[in-house]
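Results of the structural survey
What follows is the residue order along each chain.
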Amino acid sequence: MPQNQPQTQQFDLVILGAGSGGYACALRAAQHGLSVALVEKAKVGGTCLHVGCIPTKALLHAAEVADTARMASRFGVEATLTGIDMPAVLDYKDKVVSRLYKGLSGLVFGAKVTLVEGEGRLEGQPGHTPAVVVGDQRLTGRSVVLATGSYAKSLPGLDIGGPVMTSTEVLALDHVPKRTVVLGGGVIGVELASVLASFGSTVTIVEALPRLVAGEDEASSAALARAFKKRKITVRTNARFSAAERTGDGVTVTLEGGETLDADVLVVAVGRGPVTDGLGFEEAGVELDRGFVVADRRLRTSLPGVYAVGDIVPGPQLAHRGFAHGLFVADDIAGRNPLPVQDLLIPKVTYSSPEIASVGLTEAAAREQHGDAVQTYQYDLGGNGKSQILGTQGFVKVVRVEGGPIVGMHMVGERMGEQVGEAMLLVGWEATPADVTPLLHAHPTQNEAIGEAMLALA
Ligand code: FAD
């Protein structure tokens, strides 16, 4: 073979990116007996495992422990919070991640998936099977799955570095900043704001839109804003970032209109963009729209034989969505004719304190679709025994079509994320409140709040 000519290896399936979407697809395809190459430039597990869901939730748990200690006297327990040992918190978080990483690596190895380490690029020519090229290896597959995920975006003129950080750098902070400005009041922004406030930082959130977590029902946004106010987290909505200037060891943020905010750390949480640039996608014939891969309901791209999964496909950027995409594509390639993943039925949880959980339509979206035939009921957790024991406020809000099914559920309160499973089944199965009322919810649980809301509606 002439030198510098890539060596070709043939697989049934070549997957580019080993995050939630890519590794799920690889494992399921291997179960179907397909030969699989999984290409990864960093670590199997991707964003969620290494710099996303898992490490942030570990920090949020440490934050909950800090709040529990801080508020122990409310429960008659004598405890004092003397400080946060950030290196020890990071150690705890890293141990959780590395245990899961070890387990996942073992699964990939055990499934006989060929893991190819390195940065891959798509290559396709009309009439030829598409391939992924990694260094001097050329991997051709009957099918190729693009699963390259997302990156933390910034704003024009706002360079990441030093005190200006994205979620990734926050996860490695070895001290608690005295003052933090969080740019962006979406899910990642409010979760990090919640953690840092619990650790003792004075936090200000700057959000350009009129409310926090704007993708959620307005009632959830309002409840979160009220709870954050009580926690002394300052929320600046309708506030637009103008500039940031590094000072001695901090940063001064200027808002449009000229107001300035001084901080030790500026967390930039303004959304995540698709990782599709410079990877040969468009050249090979894969259509992109503002960087995202255009895919149909069955996740097929415009290039025959090439699929896309996870965060590069427009829609909610969630690990369980990417995972479900990966399983779907593997099943589809194996001829199992699976049902496509429906974005509307994907449960969403924001793990701040308090938590927000939801599935289905917001009240506003339901009214757009069904007009006046929409009925809502909001059950206050003030009437729920377990929530009173925990000392949390919040609600369960049900959105239904009058005389018809439940089309949306929205919940706020400590630990309410755990209730999203039942909400997902009710919306997914198009249950009516009357279907649910004969079924019992255990006492005393926060789960009863769902039962109470159904009783009221039925
Ligand atoms: P990724 O997980 O981003 O994986 C893509 C992989 O592809 C990466 O490993 C990358 O290294 C690799 N790659 C990219 N380009 C190449 C290339 N050219 N060659 C080889 N490899 C390549 N979701 C939830 O559901 N729950 C949460 O609580 C949650 N919390 C989050 C918190 C934070 C701070 C962040 C940032 C995200 C969070 N998410 C959460 C979102 C979740 O992490 C993503 O939705 C999920 O990781 C998307 O999976 P993916 O497979 O599409 O992409």
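Please refer to the structure higher up on the page.
This is a predicted model, so every value here is computed, not measured.

Focus: the sheet that holds strand β8 (residues 164–165)
In space, the 5 strands of this open sheet follow the order β8-β15-β9-β10-β11, with parallel pairing throughout. Every interior strand has two partners, whereas the edge strands, β8 and β11 (234–236), have only one. Of the strand pairs in this sheet, strand β9 (residues 179–183) and strand β15 (residues 265–268) are connected by 4 bridges, and their pairing is parallel. If you follow Val 181 over to β15, its bridge partner there is Leu 266. Sheet contacts for helix α6 (residues 187–198): β9, β10 (202–206) and β15; angle to β10, the most-contacted strand, approximately 165 degrees.

Things to note about the state of the cysteines
On inspection of all chains with the given rule, the structure shows 1 disulfide. Across a sulfur-sulfur distance of 2.3 Å, Cys 48 and Cys 53 are joined as a disulfide pair. Its S-S torsion of about -130 degrees marks the bond between Cys 48 and Cys 53 as left-handed, since a negative value means left-handed. Of the residues examined, Cys 53 reaches a relative accessible area of 25% and is grouped as partly exposed. Cys 25 carries a free sulfur, and the closest cysteine sulfur to it, the one in Cys 48, is 17 Å from it.

Focus: the layout of surface pockets
The computed volume of the second largest pocket comes to approximately 1,400 Å³. Elements supplying a minimum of two residues to the lining of the second largest pocket: α3 (53–70), α6, β10, α7 (218–230), β22 (374–380) and α11 (385–390). Each residue belonging to the lining of the second largest pocket can be placed in one class, and the counts come to 15 nonpolar, 14 polar and 14 charged.

Observations concerning the pattern of salt bridges
If charged atoms from side chains of opposite charge come close, those side chains can pair. What the rule picks out here adds up to 16 salt bridges. Between Arg 138 and Glu 123 there is a salt bridge whose closest N-O contact spans 2.7 Å. Of this pair, Arg 138 sits in strand β6 (residues 137–146) while Glu 123 is found in strand β4 (residues 120–123), placing the two residues 15 residues apart along the sequence. In this structure Arg 138 comes out as partly exposed when scored by relative accessible area, which is 23%. Judged by its relative accessible area of 33%, Glu 123 falls in the partly exposed class. Close ionic contact of Glu 363 with Arg 367 constitutes a salt bridge, the shortest N to O distance being 3.1 Å. Here Arg 367 and Glu 363 lie together in helix α10 (residues 363–370), a separation of 4 residues that amounts to about one turn. Taken together, the shared-partner salt bridges in this structure form one network comprising Asp 217, Glu 363, Arg 367 and Lys 397.

Considering the side chain of Thr 252
Relative to the elements of secondary structure, Thr 252 occurs in strand β13 (residues 251–255). In this structure the side chain of Thr 252 is engaged in a polar contact, spanning 2.8 Å, whose partner is the side chain of Asp 262.

Regarding unusual backbone geometry
The omega torsion of the bond from Ser 353 to Pro 354 falls at 0 degrees, within 30 degrees of zero and hence cis. Its location among the elements puts Pro 354 in the loop between β20 (348–350) and β21 (355–360). Note the cis peptide between His 443 and Pro 444, where omega equals -10 degrees. Relative to the assigned elements, Pro 444 resides in the loop between α13 (433–436) and α14 (448–457). Positive phi, normally seen in glycine, also occurs at Val 213, with a value near 30 degrees. By the secondary structure assignment, Val 213 is in the loop between β10 and α7. At Asn 337, a residue that is not glycine, the phi angle is positive and equals roughly 50 degrees. Along the polypeptide, Asn 337 turns up in the loop between α9 (319–333) and β20.

Quick look at α6
In an α-helix, one turn spans 3.6 residues; hence positions three or four apart end up facing the same way. Between its first and last C-alpha atoms α6 spans 17 Å; for 12 residues at 1.5 Å apiece the expected length is 16 Å, and the two agree. A large share of α6 lies buried, amounting to 10 of its 12 residues. Positive backbone phi, at 110 degrees, marks Gly 200, one or two positions downstream of α6.

A look at a negative patch on the surface
Among the surface-exposed residues, Asp 277, Glu 282, Glu 283 and Glu 287 lie close enough to one another that they form a single negatively charged patch. Its place among the elements puts Glu 287 in the loop between α8 (281–284) and β17 (288–289).

Details of the pairing of β13
Most of β13 is tucked away, with 4 of its 5 residues classed as buried. The hairpin formed by strand β12 (residues 241–246) and β13 contains 4 residues between the paired strands. Pairing between β13 and strand β14 (residues 260–263): 4 bridges, direction antiparallel. Residue pairing across strands places Thr 252 opposite Asp 262, the latter belonging to β14.

Concerning the site of the ligand
Taken together, 38 residues are adjacent to the ligand, and Glu 40, Thr 47, Lys 57, Asp 311 and Ala 319 come closest. Lys 57 places a side-chain nitrogen or oxygen 2.7 Å from an oxygen atom of the ligand. The separation between an oxygen atom of the ligand and a polar side-chain atom of His 320 is 3.2 Å. When isolated, the ligand has an accessible area of 1,000 Å², and the protein chains bury 94% of it. If you list the elements that add at least two residues to the shell around the ligand, you get α1 (20–31), β2 (36–40), α2 (46–51), α3 and α9. Class assignment of the residues belonging to the shell around the ligand gives a composition of 14 nonpolar, 17 polar and 7 charged.

Some words on the side chain of Arg 298
Its location among the elements puts Arg 298 in the loop between β18 (292–293) and β19 (306–308). Arg 298 gets classed as buried once you look at its relative accessible area, which sits at 18%. Side chain to side chain, Arg 298 and Asp 332 meet in a polar contact 3.0 Å long. For Arg 298, the contacting residues outside a window of four places in its chain are Tyr 307, Phe 328, Asp 332, Asn 337, Pro 338 and Pro 340.

Calculation notes
Residues numbered from 1 in each chain as written. Predicted model: local features only at pLDDT ≥ 70, side-chain atom pairs only at ≥ 80, totals over all residues. Heavy atoms only, no water. Pairing = 2+ DSSP bridges. Helix = DSSP H or I, 4+ residues; strand = E, 2+ residues; numbered from the N terminus. Contact = heavy atoms within 4.5 Å. Axes fitted to C-alpha atoms, helices over the stretch in contact; angles between N-to-C directions. Disulfide = S-S within 2.5 Å. Buried < 20%, exposed > 50% of the residue type's maximum accessible area, 1.4 Å probe, protein only. 1 Å grid on protein atoms, 1.4 Å probe; cavity = no way out; pocket = protein on both sides within 12 Å on 5 of 7 lines; lining within 4 Å. Points joined across faces, edges and corners; volume = space filled by probe spheres on them. Nonpolar A, V, L, I, M, F, W, Y, C, P; charged D, E, K, R; others polar. Salt bridge = Lys/Arg side-chain N within 4 Å of Asp/Glu carboxyl O. Polar contact = N/O pair within 3.5 Å; in protein donor to acceptor, adjacent residues only side chain to side chain. Expected span 1.5 Å × (residues − 1). Patch = residues over 30% accessible without salt bridge, like charges linked within 9 Å, V, L, I, M, F, W, Y side chains within 5 Å. Areas by Shrake-Rupley, 256 points an atom, 1.4 Å probe, with all protein chains shown as cover. Lys, Arg positive; Asp, Glu negative; His and termini not counted. Charge placed at Lys NZ, Arg CZ, Asp CG, Glu CD. Near = heavy atom within 4 Å.

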